[in-house]
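What follows is the residue order along each chain.
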Amino acid sequence: MANSQNNTNKKVIIGIICAVVALLIVAGILAGVLLDFSVDDGKLKITKKSKSKSTDDNPTTSQTDTIDDENQKPNTQIKVEKRDTGKKTVEVKDVEAKITDNEIVVPIYATENPGMTAAELHIDFDTNAFSYADCRGGDIFKNCTGNFVEKEKQIRIIAHNGNDDFTDVSGAGIITNVVLIPKEGVKAGKYSVKITDKSVYANVSEQYVHPTVKAGDIILK
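Being a predicted model, the structure only gives us computed values, none of them experimental.

Taking strand neighbours across the sheet as the criterion, the four strands line up as β8-β12-β6-β16 in an open arrangement whose pairing is antiparallel. A strand with exactly one partner marks an edge of an open sheet, and here the two such strands are β8 (130-137) and β16 (212-215). On average, each strand axis in the sheet is tilted by 25 degrees relative to the strand beside it, whichever way the strands run. The pairing of strand β6 (residues 104-112) with strand β12 (residues 173-182) spans seven bridges and is classified as antiparallel. Bridge pairing links Y109 to I174 in β12.

Below, the structure written as structure tokens:
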């Protein structure tokens, strides 16, 4: 039973990293280095395609590194940037705003963070009072891609650092910022923003990590 759960967790984590890399490639963030991920015979294959400056008929070269999915140790080391925010904890603050504001920026805090490379956040909010507009980078991740999932009535955000090296960030701080727009007719009051238990966080070793993630309430005046 435990092995089955571990295998499921590994597949989900690999899926997160695949999704992040796909987003980076689409956005053109990788600056000449493309990483393709695939699973074959229980092993995670990483194909690095680097653009060459040569003018011959084969300007692209590729190299494949294999990570043993059981031991999670790469045969050829992938360069990993490590960073710490320098904070052990942060204060989760409520967001004060006016009904007439064009947008409200809600920080999503990691009050404790052992180190993560990517996060997939699922966020509940009052859809009768606000609509989702955008996401913005924070202390931990500078890039994000988000959308409102109509079926689940939730915001889904994938946050990452988006350079040609994976960045494993530890320490407390703002993971990302959610931008909401007050709807016409919304009333003054307190509105909660909650990070659901569907949210997942992975480090560069493709393991789940368990940061403490919270958001303050929105106080509309």
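Right, let's talk about unusual backbone geometry for a bit. Its identity is not glycine, yet K153 carries a phi of approximately 55 degrees, on the positive side. With respect to the secondary-structure elements, K153 resides in the loop between β9 (143-149) and β10 (154-160).

A word on the sheet that holds strand β17 (residues 218-220). Read across the open sheet, the three strands follow the order β5-β17-β13; overall the sheet is mixed. A single partner strand is all that each edge strand has here, and the edge strands are β5 (95-97) and β13 (189-191). For this sheet, the mean inter-axis angle between neighbouring strands, taken without regard to orientation, is 20 degrees. For β5 and β17, the ladder comprises three bridges, and the chain directions are parallel. Looking across to β17, one finds that E96 is bridged to I219.

We now examine the pairing of strand β11 (residues 166-170). Two faces belong to every sheet, and in a regular strand the side chains alternate between them. For β11, a buried count of five out of five residues is recorded, marking the element as mostly surrounded by other parts of the structure. The side-chain alternation of β11 yields two buried faces, one formed by F166, D168 and S170 and the other by T167 and V169. The pairing of strand β4 (residues 80-84) with β11 spans five bridges and is parallel. Paired with K82 across the strands is D168, a residue of β11.

Another aspect to go through is the state of the cysteines. Taken as a whole and assessed by the stated rule, the structure comprises one disulfide. A sulfur-sulfur separation of 2.3 Å characterises the disulfide bridge that pairs C135 with C144. Note on the C135 and C144 pair: the S-S dihedral is about 115 degrees, so by sign convention the disulfide is right-handed. Classification of C135 as buried rests on a relative accessible area of 7%.

Moving on, we get to the side chain of N161. Note on placement: N161 falls in the loop between β10 and β11. According to the relative accessible area criterion, N161 is buried, its value standing at 6%. Of note is the side chain of N161, whose polar atom sits 3.1 Å from the backbone oxygen of I140. Those residues in contact with N161, other than ones at most four positions away along the chain, are R83, I140, F141, K142, N143, T167 and V169.

Assignment of secondary structure puts C135 in strand β8. With 41 residues separating them along the chain, C135 and T176 place their C-alpha atoms 6.9 Å apart. Among residues more than four places away in sequence, those in contact with C135 are C144, T145, G146, I157, T176 and N177.

With that settled, consider the side chain of N113. Mapping N113 onto the fold places it in the loop between β6 and β7 (118-124). Under the relative-accessibility criterion, N113 is labelled buried at 10%. Polar contacts involving the side chain of N113 include one to the main-chain carbonyl oxygen of V169, which spans 3.0 Å. Apart from the residues within four sequence positions on either side, N113 is in contact with I140, V169, S170, G171 and P211.

The rules behind each value
- Residues numbered from 1 in each chain as written.
- Predicted model: local features only at pLDDT ≥ 70, side-chain atom pairs only at ≥ 80, totals over all residues.
- Heavy atoms only, no water.
- Pairing = 2+ DSSP bridges.
- Helix = DSSP H or I, 4+ residues; strand = E, 2+ residues; numbered from the N terminus.
- Axes fitted to C-alpha atoms, helices over the stretch in contact; angles between N-to-C directions.
- Buried < 20%, exposed > 50% of the residue type's maximum accessible area, 1.4 Å probe, protein only.
- Disulfide = S-S within 2.5 Å.
- Polar contact = N/O pair within 3.5 Å; in protein donor to acceptor, adjacent residues only side chain to side chain.
- Contact = heavy atoms within 4.5 Å.

Geometry only, nothing functional implied.
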